[in-house]
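One-letter residues, chain by chain:
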Amino acid sequence: MADAKVIPFGEEPRARRKAGARRPVRVPQAQAALQPVPPQRDEDGEAAGRARQPDGAEGTEGAAPAEQARGWEQRLAGGLSFLRRRLTGEYEVDDFGFDEELTDQVLMSLLRPMYESYFRVEVRGMENVPSTGGALIVANHSGTVPLDGLMLQVAVHDHHPADRHLRLLAADLVFKLPVISELARKAGHTLACAEDAQRLLDRGELVGVMPEGFKGIGKPFSERYKLQRFGRGGFVSTALRSRVPIVPCSIVGAEEIYPMVGNSKTLARLLGFPYFPITPTFPLLGPLGTVPLPTKWTIQFGEPIATDGYAPEAADDPMLMFNLTDQVRETIQHTLYKLLVRRRSVFF
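Residues numbered from 1 in each chain as written. Predicted model: local features only at pLDDT ≥ 70, side-chain atom pairs only at ≥ 80, totals over all residues. Heavy atoms only, no water.

Draft legend 1. View of empty space enclosed by the protein. In total, this model carries two cavities of 30 Å³ or more according to the counting rule given. Each pocket or cavity is described by its volume, and for the largest cavity that value is around 60 Å³. As for the largest cavity, its lining consists of Ser-142, Gly-143, Thr-144, Gly-216, Ile-217, Lys-219, Pro-220, Phe-221, Glu-255, Tyr-258, Pro-259 and Met-260. Tallied by class, residues from the lining of the largest cavity come to six nonpolar, four polar and two charged. (1 Å grid on protein atoms, 1.4 Å probe; cavity = no way out; pocket = protein on both sides within 12 Å on 5 of 7 lines; lining within 4 Å. Points joined across faces, edges and corners; volume = space filled by probe spheres on them. Nonpolar A, V, L, I, M, F, W, Y, C, P; charged D, E, K, R; others polar.)

Draft legend 2. Geometry of the environment of Asp-99. By the secondary structure assignment, Asp-99 is in the loop between α2 (63-88) and α3 (100-118). Relative accessible area serves as the criterion here: at 0%, Asp-99 is assigned to the buried category. At 3.4 Å, the side chain of Asp-99 forms a polar contact with the backbone nitrogen of Glu-101. (Helix = DSSP H or I, 4+ residues; strand = E, 2+ residues; numbered from the N terminus. Buried < 20%, exposed > 50% of the residue type's maximum accessible area, 1.4 Å probe, protein only. Polar contact = N/O pair within 3.5 Å; in protein donor to acceptor, adjacent residues only side chain to side chain.)

Draft legend 3. Molecular detail of the packing of helix α6 (residues 194-202) against helix α8 (residues 234-242). Where α6 contacts α8, the two axes come as close as 10 Å, and the packing angle between them is 35°. Note that α6 runs across α8; the crossing there is right-handed. Here Ala-194, Ala-197, Gln-198, Leu-201 and Asp-202 of α6 come into contact with α8, specifically with Thr-238, Arg-241 and Ser-242. Looking at the contact of α6 with α8 residue by residue, the classes come out as three nonpolar, three polar and two charged. (Axes fitted to C-alpha atoms, helices over the stretch in contact; angles between N-to-C directions. Left-handed = near helix turned anticlockwise from the far one by under 90°. Contact = heavy atoms within 4.5 Å.)

Draft legend 4. Spotlight on the packing of aromatic side chains. Within the structure shown, the criterion is met by four aromatic pairs. Pairing Tyr-118 with Phe-119 gives two aromatic rings, centres 5.2 Å apart and planes at 75°, and the pair type is edge-to-face. In this structure Tyr-118 comes out as partly exposed when scored by relative accessible area, which is 29%. Residue class for Phe-119 comes out buried when judged on its relative accessible area of 0%. Measuring from centroid to centroid gives 6.0 Å for Phe-276 and Phe-282, while their planes differ by 40°, and the two rings are tilted. On the accessibility criterion, Phe-282 (22% relative accessible area) is partly exposed. Put simply, the rings of Tyr-118, Phe-119 and Trp-297 touch in pairs and so form one group of aromatic residues. (Phe/Tyr/Trp six-rings, centres within 6.5 Å; stacked < 30°, edge-to-face > 60°.)

Draft legend 5. Quick look at helix α10 (residues 318-342). Helix length check: α10 (25 residues) gives 36 Å between terminal C-alpha atoms against 36 Å at 1.5 Å per residue, within 8%. Looking at α10, one finds that the buried residues are Leu-320, Met-321, Leu-324, Thr-325, Val-328, Ile-332, Gln-333, Thr-335, Leu-336 and Leu-339. The secondary structure elements touched by the buried residues of α10 are β3 (122-124), β4 (135-139), α8, β8 (246-252) and β11 (298-301). Capping the start of α10 is the job of one residue whose side-chain oxygen sits 3.1 Å from the backbone nitrogen of Met-319: Asp-317. (Expected span 1.5 Å × (residues − 1).)

By themselves these figures say nothing about function.
Here you go:
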């Protein structure tokens, strides 16, 4: 897999790019000079291949360092411009606190090495995520620590052809933690309630939800990849009211990053947590035990389930909500089993 690609600090925010433009693949200057060009033929039909030289550097050595120096100057200027906007407040956030510029240039850059090099996430079925309009992405939840939600956000951010953002619905606890709550708002997360979800969907946003909640993320390792109850189907009701498709999403690999072999309920009550995990490395190894295992991840998006064919009053039909909830849950569960059968190893 390719090395992790980190967005340079101060790069032009994606909101200012042309909509739908694909990111260019960047090749270091030292490698660009050695890239071959298609062979050209002379008048006699003989192939005349040559190494591609940087513009204005035909037959001149030492041009690549000059190009690199100019590139660093541009990055430095962009970084200083970014800092100036942050210090002067010349940036925009929406009414949920989402800061697109900070997310694109800083937060995604911090998460991308873990996504690309540590967990080596493979994404499948991105074509099932709509390019325009609202959609509700429903995924399984696991891993003791909610890294799966962050990796899902990076997957949509980096791989969707329309450069879309995923707005995750998070539990109350996230917004009670210092620092974490502010970063969650900046990254576009919001409270897991029907009102906020519907507002985002009605505005044409991609919304992500993990209905298992703490039951899924805090389940013991012996129950890995067994989906827990999907609540009361509130996410289905929200999708029906907004008439947006539901996209099932299955994540394999997160279950093994922190194998939860025990739960200290006493410590959990004292700290106000829903559970206090005990793993083979934590708390035995102290801070070192908080490092997740480098498992190999796969994220697969399933075919969307349309909701625009139902009548407006369908959102109040408990039997319909139960059936759709069960359909989404079974789709995710069967996909998990298929991915597990194909998986060669937990780590490779």
